[in-house]
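Below, each chain spelled out in residue letters.
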Amino acid sequence: LSYCNQLTGDIEVFKGMPLTSLVLQCLGYNLRGNTLALAGCPDLTELNIRDTKIVVPIPIEDQHAIVQELSGDALAQDTYEMRGNKTKSAFFQFITLDSNASLVQRWVKAKPWLAESPSDDNNIPVQVASS
């Protein structure tokens, strides 16, 4: 999709797609969004969004690893709850986007303690999701 200057909208349209690579470079400033909306693309490891208005709060490599950790069985509650844990910080960023609601619900269903584990700022996921 690179160099398609007429493309407009939000990258949220790609959520949940079985993508491994997404090249959106030089699409102008009509394409917007937040790469956190791509959390539902667990195989996405390459993202090129140069010269767009797309925001990258977490590098895609880190986001991919965090999504794998939240989706897998290896994440332990005591490790997650450690102060400064990147996975915990990312989880709180994911829940702020409506586009991730079903994904976050799956994570919480598999790991119910996620719903009650506070952030480093003592925010509870339910409070963050409803604000």
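Residues numbered from 1 in each chain as written. Predicted model: local features only at pLDDT ≥ 70, side-chain atom pairs only at ≥ 80, totals over all residues. Heavy atoms only, no water.

1. Section: empty space enclosed by the protein
One pass over the full model with this rule turns up one cavity of 30 Å³ or more. In this structure, the largest cavity occupies an estimated 40 Å³ of space. Taken together, Leu38, Ala39, Cys41, Pro42, Leu44, Ile60, Gln63, His64 and Val67 make up the lining of the largest cavity. In terms of residue class, the lining of the largest cavity is built from seven nonpolar, two polar and no charged. (1 Å grid on protein atoms, 1.4 Å probe; cavity = no way out; pocket = protein on both sides within 12 Å on 5 of 7 lines; lining within 4 Å. Points joined across faces, edges and corners; volume = space filled by probe spheres on them. Nonpolar A, V, L, I, M, F, W, Y, C, P; charged D, E, K, R; others polar.)

2. Topic: the pattern of salt bridges
Across all of its chains, the model carries two salt bridges by this definition. Arginine 83 serves as the salt-bridge partner of aspartate 120, at 3.6 Å between the closest nitrogen and oxygen. Taken as a pair, aspartate 120 in the loop between α4 (101-110) and α5 (125-130) and arginine 83 in the loop between α2 (77-80) and α3 (86-94) lie far apart in primary sequence, 37 residues in all. Salt-bridge contacts for aspartate 120 lead to lysine 88; the nearest nitrogen and oxygen are separated by 2.7 Å. In this pair, aspartate 120 sits in the loop between α4 and α5 while lysine 88 sits in helix α3, placing the two residues 32 residues apart along the sequence. One connected set of salt bridges, linked through shared partners, spans Arg83, Lys88 and Asp120. (Salt bridge = Lys/Arg side-chain N within 4 Å of Asp/Glu carboxyl O. Helix = DSSP H or I, 4+ residues; strand = E, 2+ residues; numbered from the N terminus.)

3. Re the nonpolar core
Counting residues in hydrophobic clusters, the biggest one holds 19 residues, and the most contacted among them are Leu70, Tyr80, Phe91, Phe94, Trp107 and Leu114. Of all the secondary-structure elements, those providing two or more residues to this core are α1 (60-71), α3 and α4. By residue number, the principal contributor to this core is α3, which donates four residues. The contacts of leucine 114, once residues within four sequence positions are left out, are Leu70, Tyr80, Phe91, Trp107, Val108 and Pro125. (Core = buried A, V, L, I, M, F, W, Y, C linked by side-chain atoms within 4.5 Å. Buried < 20%, exposed > 50% of the residue type's maximum accessible area, 1.4 Å probe, protein only. Contact = heavy atoms within 4.5 Å.)

4. Considering the pairing of strand β3 (residues 31-34)
For a regular strand, side-chain orientation follows a simple rule: the groups alternate between the two sheet faces. Of the pairings in the sheet, the one linking strand β1 (residues 9-10) to β3 comprises two bridges and is parallel in character. What sits directly across from aspartate 10, in β3, is arginine 32. Bridge analysis of β3 against strand β5 (residues 53-55) gives three bridges, and the strand direction is parallel. Within the sheet, the bridge partner assigned to asparagine 34 lies in β5 and is valine 55. (Pairing = 2+ DSSP bridges.)

In short, the description is geometric, and any link to function would need to be established separately.
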